[in-house]
Amino acid sequence: MSSPADATGTVWVEHRLATQNITVRFEAAVDCMITSPGHATLTGIVTRADEMAIGHLGKRVGFSVQDGGRGRDRVGFTWSASFDQDEAANWGPARIGTCLAPAAFATVSRGDYTVRHAQLTAPPNGD
């Protein structure tokens, strides 16, 4: 892989909102992933969504992971934590760019993430 945008795959999200007693589920086609030791950031276009996430269908979402070891992982995500202002200064959903996600701000209550860092390869000469 010479570019983070060469990443492919699928990410499945199941996000429990305990205060509202709901679980949001969706699937996204990965369009970018970049890592550093213990950290990963990826973005993808939502291709399938349950009723609670149907508004994300066709939109890019971003996700970050901090691999702190079992019981100490953290995540960041754009779907409920990122907002943006338009040219008229009105607030609305964030415009998510490729390979962009917020810092890993939330603790992981169940499960464990493992980040395996992959060094980017240099582009061929002349590129």
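Quick look at the structure, then. As a convention, each chain's residues are numbered from 1 in the sequence order in which they are written. Given that this is a predicted model, residues contribute local features only at a pLDDT of at least 70 and side-chain atom pairs are listed and counted only at 80 or more, while totals for whole chains, interfaces and linings are drawn from all residues. The basis for every side-chain value is the complete set of heavy atoms in the structure, and neither hydrogens nor water enter the calculation.

Helix and strand definitions follow DSSP, with helices as H or I runs of at least four residues and strands as E runs of at least two, each counted in order from the N terminus. Here Ala-94 shows up in the loop between strand 7 (91–93) and strand 8 (106–107). A relative accessible area of 23% means that Ala-94 is categorised as partly exposed. In sequence terms Ala-94 and Trp-79 are 15 residues apart; their C-alpha atoms lie 8.5 Å from each other. The rule is simple: take the accessible area with a 1.4 Å probe, protein chains only, and divide by the maximum for that residue type; under 20% is buried, over 50% is exposed, in between is partly exposed.

By the element assignment, Ala-29 lies in strand 2 (residues 22–36). By relative accessible area, which is 32% here, Ala-29 ends up partly exposed. Separated by 14 residues in the primary sequence, Ala-29 and Thr-43 place their C-alpha atoms 8.3 Å from one another. In contact with Ala-29, not counting residues within four places along its chain, are Gly-9, Thr-43, Gly-44, Ile-45 and Thr-47. Here, residues are in contact when the closest pair of their heavy atoms is within 4.5 Å.

Attention now goes to the sheet that holds strand 4 (residues 60–66). Pairing between strands requires that DSSP locate at least two bridges from one strand to the other. Read across the sheet, six strands follow the order 1-2-3-4-5-8 without closing on themselves; strand pairing throughout is antiparallel. With partners counted over all chains shown, the strands left at the sheet margins are strand 1 (10–17) and strand 8, one partner each. As paired strands, strand 5 (residues 74–77) and strand 8 are joined by two bridges and run antiparallel to one another. Across the sheet, residue Arg-74 finds its bridge partner in strand 8, namely Thr-107.

A few words on the nonpolar core. Judged by nonpolar contacts, the single largest core of 20 residues is most densely connected at Val-11, Phe-26, Val-61, Phe-63, Val-75, Phe-77 and Trp-79. Where this core is concerned, the elements lending two or more residues are strand 1, strand 2, strand 3 (39–49), strand 4 and strand 5. Among the elements that line this core, the one with the most residues is strand 2, at four residues. For our purposes a nonpolar core is just a set of buried Ala, Val, Leu, Ile, Met, Phe, Trp, Tyr and Cys residues, chained together by side-chain atoms within 4.5 Å.

This part takes up the pattern of salt bridges. Salt bridge criterion: a side-chain nitrogen from Lys or Arg within 4 Å of a carboxyl oxygen from Asp or Glu. All told, the structure shown has two salt bridges when counted by the stated rule. Between Glu-14 and Arg-25 there is a salt bridge, with its nearest N and O atoms 3.4 Å apart. One end of the pair, Glu-14, is in strand 1; the other, Arg-25, is in strand 2, with 11 residues separating them in the sequence. Measuring nitrogen to oxygen at the nearest pair gives 2.7 Å for the salt bridge that ties Arg-60 to Asp-31. Taken together, the residues span a long stretch of sequence, with Arg-60 in strand 4 and Asp-31 in strand 2 at a distance of 29 residues. You can call Arg-60 partly exposed: its relative accessible area is 26%.

Only rings of Phe, Tyr and Trp enter the pairing, Trp through its six-membered ring, and a pair is recorded when the two centres are within 6.5 Å. The plane angle decides the type: under 30 degrees is stacked, over 60 is edge-to-face, the rest tilted. Under the counting rule described, the total for this entry stands at five aromatic pairs. Centre to centre, the rings of Phe-77 and Trp-79 are 4.9 Å apart; their planes meet at 20 degrees, and the pair counts as stacked. Overall, Phe-77 belongs to the buried group, its relative accessible area being 8%. Overall, Trp-79 belongs to the buried group, its relative accessible area being 15%. Plain terms: the ring middles of Phe-77 and Phe-105 are 5.0 Å apart, the flat faces sit at 55 degrees to each other, and that makes the pair tilted. Remark: Phe-105 occurs in the loop between strand 7 and strand 8 and Phe-77 occurs in strand 5; sequence separation between them is 28 residues. Taken together, the ring pairs connect Phe-26, Phe-63, Phe-77, Trp-79, Phe-105 and Tyr-113 into an aromatic cluster.

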